[in-house]
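# Structure at a glance
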Amino acid sequence: MLDFFTIFSKGGIVLWCFQGAGVTESFTGPVNALIRSVILQERSGNNSFTHEALSLKYKLDNEFELIFVVGFQKILTLTYVDKFIDDVQLHFRDRYKNELEQKGALKLLNNSFDFGADFKRLLREAEDSSKIRSPAPMRSFKESEKSQKTVKSMIETKGGDKGKEPSGKKNKNTKKEAPAAEPVKVDQGKASSSGQNMVENGNQGLTADQIMQKKRDNFFRKRMAGPTEKPSKSPKPQKPKEKQMRVWDMGGTSTKNLDYSEANGNGSSNGDEQNQETQIDLGMQPSSMKGDLLSVDYESSEDEEIEEEEDEGVVVSETSKTSSKKGGGFGGMFGMLKGLVGSKSLSQEDMEPVLEKMRDHLIAKNVAAEIASQLCDSVAKKLEGKVMGTFTTVASTVKQALQDSLVQILQPKRRVDILRDVMEAQSQRRPFVITFCGVNGVGKSTNLAKISYWLIENGFTVLIAACDTFRAGAVEQLRTHQRRLNSLHPPEKHGGRPVVQLYEKGYGKDAAGIAMEAIAYARNQAFDVVLVDTAGRMQDNAPLMTALAKLIAVNVPDLVLFVGEALVGNEAVDQLVKFNQALADHSMSDKPRLIDGIVLTKFDTIDDKVGAAISMTYITGQPIVFVGTGQTYNDLRSLNARAVVSALMKA
């Protein structure tokens, strides 16, 4: 039934393995895929993994740094696998505890682990137990409870009760007694005294009208009495730190420079106005962006760093009374669990309060709720059973593990060097093609212009393909950027050839055909890079998603970048999943072309709520290639994983 079972250390040393009868294929491929896609990318919250026709289940042993992996055919439903892998882990640990405690790869290689007999015994017991728990045969109608019921007991009354004759009789009697109770309402003095008795004795013996009158009287009595106790004054919430007014470097200090009334009154022609547009003031010229992009920096105050050091550095044996006096935020969150100190193995119960606080903190920082839960589950699996040091707390251990996981998620899994890729395409005498896609209003055209400026600064020529044939003004926007970029880099400085050109065919045309013609034009005119601007589309718009998949499948760009804004939370997951799904569904090849990278825009508007970066990277497994941090051409950065994580973990 099982294809393979293997036990190996986190250092990659296989300690023992088993391969099922009749299985000829090696299990190294599925296990390596599990290591690359799950364990190295901190996605171990779920203990199952699917690779082609195989289903893999795994268990981490953090105390001895071991990984247990079992593989079987995906079409099989083996209910005993979870318990079986737990039993194998316990028996293997107990039998070779002394050998496993010897740290070092050479010592593990020298030891022999003869575990075949025990494994077969455990497998036989697990299979036998699953046969014992086979589903019971279906009962006949005579053996069922329904056969013992009468027709009378299954009749539903108007009130919803089944066959309750005594209650039905009582209802009839109370209806008959209702007219006799009417004289009680005539005398108000008697009504008030009898009302008090009714409050004391409950609603027994009252008709529906009397109960309603009683509730009405109680309601008015409470309204007339007013509040008896003053509500306790809640502490005033601390005012959030106000956002500082942004001072633009090129804004100037005087408003006189903005008065163009005299110039407009002189009757200048339209041609002069266009020349004034193309002339760039030296003070307005963006700074140089030659070479690699600068990384995103995050400034944290010294007071916050001191608070974190105070919260984590000292181990206290008190309960959470002192920590509850502290304010909210990260310091208070970790301070309330310092009674759980080291020299013991971490359990799920120890970590659960800390992980719950961590989950809420990540969601407050704009991480999607589903991703936050998966991250915390992954950290729990990573730390469960791990022996803590003497001078460490549960909170600091969990926090450090989460920081390491977040940094690992944000760091690229492959080389991201666009300048080098463009030069390789130059050597092959073809243009390097980048396609931009995303939802409406996220800044695709603006960031395309920023990337164009960065490429021009590094000596490349750019052709912009206007494939947004749907939005009004899209072509004119790109034409303005082209004119602006050419004025920053005049053709006279580049041998009389403009460094940026726009390839457009107007509106209402086929976007895939325009992109194909633009790439052919760039190849003939020896352009280095082609930037394809596409129309914004919602992930639920099937016709537009089909058109995007067609554009990518027909033109096969070198890089497909998804442009998303840093303001989204849970929506980021839905957008990326459905964009990738649409590209896969409408692709014409066995290996569909999906999103290769992410452009994160509007990063300057979110302060420290940088959770969208985590959500997007976690869902796709692809790196964040560019980060937009403003409105000018040089407001383009590369992602600094540690800076983003420090902003995410800040209180």
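Residues numbered from 1 in each chain as written. Predicted model: local features only at pLDDT ≥ 70, side-chain atom pairs only at ≥ 80, totals over all residues. Heavy atoms only, no water.

The next subject is the overall build of the protein. Counting secondary structure elements, the protein contains 24 helices and 13 strands. Out of the 651 residues belonging to the protein, those deemed buried represent 39%. Across the protein, every contact between residues at least 6 apart in sequence was considered, and the portion connecting residues at least 24 apart equals 73%. Working note: accessible area of the protein is about 38300 Å², and carbon and sulfur atoms make up 51% of it. (Helix = DSSP H or I, 4+ residues; strand = E, 2+ residues; numbered from the N terminus. Buried < 20%, exposed > 50% of the residue type's maximum accessible area, 1.4 Å probe, protein only. Contact = heavy atoms within 4.5 Å. Areas by Shrake-Rupley, 256 points an atom, 1.4 Å probe, with all protein chains shown as cover.)

Attention now moves to unusual backbone geometry. Non-glycine residue Glu-65 carries a positive phi angle of around 60°. Within the element layout of this structure, Glu-65 appears in the loop between strand S4 (54–61) and strand S5 (66–73). For Asp-607, which is not a glycine, the phi torsion comes out positive at approximately 60°. On the secondary structure map, Asp-607 appears in the loop between strand S11 (597–601) and helix H23 (611–620). Judged by relative accessible area, Asp-607 falls into the exposed class, the value being 59%.

A few words on the side chain of Thr-620. Among the secondary structure elements, Thr-620 is positioned in helix H23. Since its relative accessible area comes to 15%, Thr-620 is described here as buried. From its side chain, Thr-620 meets the backbone oxygen of Met-616 in a polar contact 2.9 Å long. For Thr-620, the side chain forms a polar contact with the main-chain nitrogen of Gln-622, separated by 3.1 Å. Setting aside chain neighbours within four positions, we find Thr-620 in contact with Leu-576, Asn-580 and Ile-598. (Polar contact = N/O pair within 3.5 Å; in protein donor to acceptor, adjacent residues only side chain to side chain.)

Here we take up the pattern of salt bridges. As a working rule, side chains carrying opposite charge can pair if their charged atoms are close by. This model, assessed by the stated rule, comprises 22 salt bridges. When the shortest N-O distance is used, the salt bridge between Glu-125 and Arg-121 registers 3.5 Å. Of this pair, Glu-125 and Arg-121 both sit in helix H5 (residues 116–132), four residues apart, roughly one helical turn. The residue Arg-359 makes a salt bridge to Asp-377 at a minimum N-O spacing of 3.9 Å. (Salt bridge = Lys/Arg side-chain N within 4 Å of Asp/Glu carboxyl O.)

The next thing to look at is the packing of aromatic side chains. Under the counting rule described, the total for this entry stands at 15 aromatic pairs. Measuring from ring centre to ring centre gives 5.0 Å for Trp-16 and Phe-119, while their planes differ by 55°; the resulting arrangement is tilted. With Trp-16 in strand S2 (residues 14–19) and Phe-119 in helix H5, this residue pair connects regions lying 103 residues apart in the sequence. For the pair Trp-16 and Phe-119, one class covers both residues: buried. We note Arg-497 situated over the ring of Phe-527; from NZ or CZ to the ring centre the distance is 4.6 Å. (Phe/Tyr/Trp six-rings, centres within 6.5 Å; stacked < 30°, edge-to-face > 60°. Lys NZ or Arg CZ within 6 Å of the ring centre and 35° of its normal.)

This part covers a nonpolar patch on the surface. On the surface, Met-516, Val-554 and Met-588 cluster together into a nonpolar patch covering about 310 Å² of accessible area. With a relative accessible area of 45%, Met-516 lands in the partly exposed category. (Patch = residues over 30% accessible without salt bridge, like charges linked within 9 Å, V, L, I, M, F, W, Y side chains within 5 Å.)

So, about the packing of helix H15 (residues 369–383) against H23. Running from amino to carboxyl end, H15 crosses H23 at an angle of 70°, the nearest separation of the two axes being 10 Å. Classified by the interaxial angle, the pair formed by H15 and H23 is roughly perpendicular. On the side of H15, the interface is formed by Ile-371, Gln-374 and Leu-375, while H23 contributes Ile-614, Ser-615, Tyr-618 and Ile-619. (Axes fitted to C-alpha atoms, helices over the stretch in contact; angles between N-to-C directions. Parallel < 35°, antiparallel > 145°, perpendicular 65-115°, else oblique.)

With 17 residues, helix H16 (residues 394–410) should cover 24 Å at 1.5 Å per step; its first-to-last C-alpha distance of 25 Å lies within 8% of that length. With 13 of 17 residues buried, H16 lies mostly within the body of the structure. (Expected span 1.5 Å × (residues − 1).)

Let us look at the sheet that holds strand S3 (residues 48–51). Strands sit in the order S2-S1-S5-S4-S3 across an open sheet of five strands; the sheet is antiparallel. The open sheet has two edge strands with one neighbour each: S2 and S3. Each neighbouring strand pair of the sheet contributes to a mean axis angle of 15°, computed without reference to strand direction. Pairing of strand S1 (residues 2–9) with S2, which is carried by five bridges, proceeds in the antiparallel orientation. Note on S2: the bridge partner recorded for Phe-8 is Val-14. Relative to the sheet, helix H2 (residues 81–95) contacts S1, S2, S4 and S5, its axis offset from that of S4 by approximately 40°. (Pairing = 2+ DSSP bridges.)

Let us now look at the packing of helix H22 (residues 570–585) against H23. Between H22 and H23, the least distance of the axes is 9 Å, while the angle of their chain directions is 30°. Put simply, H22 runs roughly parallel to H23. Note on packing geometry: the crossing formed by H22 with H23 is right-handed. When H22 is examined against H23, the residues Ala-572, Val-573, Leu-576, Val-577 and Asn-580 are found in contact with a partner set consisting of Ser-615, Met-616, Ile-619 and Thr-620. Residues of the contact of H22 with H23, tallied by class, amount to six nonpolar, three polar and no charged. (Left-handed = near helix turned anticlockwise from the far one by under 90°. Nonpolar A, V, L, I, M, F, W, Y, C, P; charged D, E, K, R; others polar.)

A word on the UniProt feature "domain: SRP54-type proteins GTP-binding" (unreviewed entry) in the protein. Look at the UniProt record and you will see "domain: SRP54-type proteins GTP-binding" (unreviewed entry) annotated at residues 623–636. Secondary structure across residues 623–636 divides into 0% helix and 43% strand, with the first and last C-alpha atoms of the span separated by 16 Å. (UniProt positions renumbered as here; feature names shortened; annotations may be inferred.)

A separate point is the pairing of S4. The element S4 is largely enclosed, with a buried count of seven among its eight residues. Sheet topology places S3 next to S4; four bridges connect them, and they run antiparallel. Within S4, the position partnered with Phe-49 by the bridge is Leu-56. Counting the residues that bridge the hairpin from S3 to S4 gives two residues, and of these Glu-52 lies at a positive phi of roughly 55°. Counted along the chain from S4 to the antiparallel partner S5, the turn is four residues long, and its residue Glu-65 has a positive phi close to 60°.

Bringing the nonpolar core into the picture now. In terms of nonpolar packing, the biggest core is built from 114 residues, with Leu-375, Val-398, Trp-454, Leu-455, Phe-603 and Phe-626 touching the most fellow members. With eight residues, the single largest contributor to this core is H16. If near-sequence neighbours (up to four positions away) are discounted, Phe-626 is found in contact with Leu-293, Ile-418, Ile-451, Trp-454, Leu-561, Ile-598, Val-599, Leu-600, Leu-636 and Arg-637. Phe-5, Phe-68, Val-70 and Phe-84 belong to the second-largest nonpolar core, a separate cluster that totals 26 residues. (Core = buried A, V, L, I, M, F, W, Y, C linked by side-chain atoms within 4.5 Å.)

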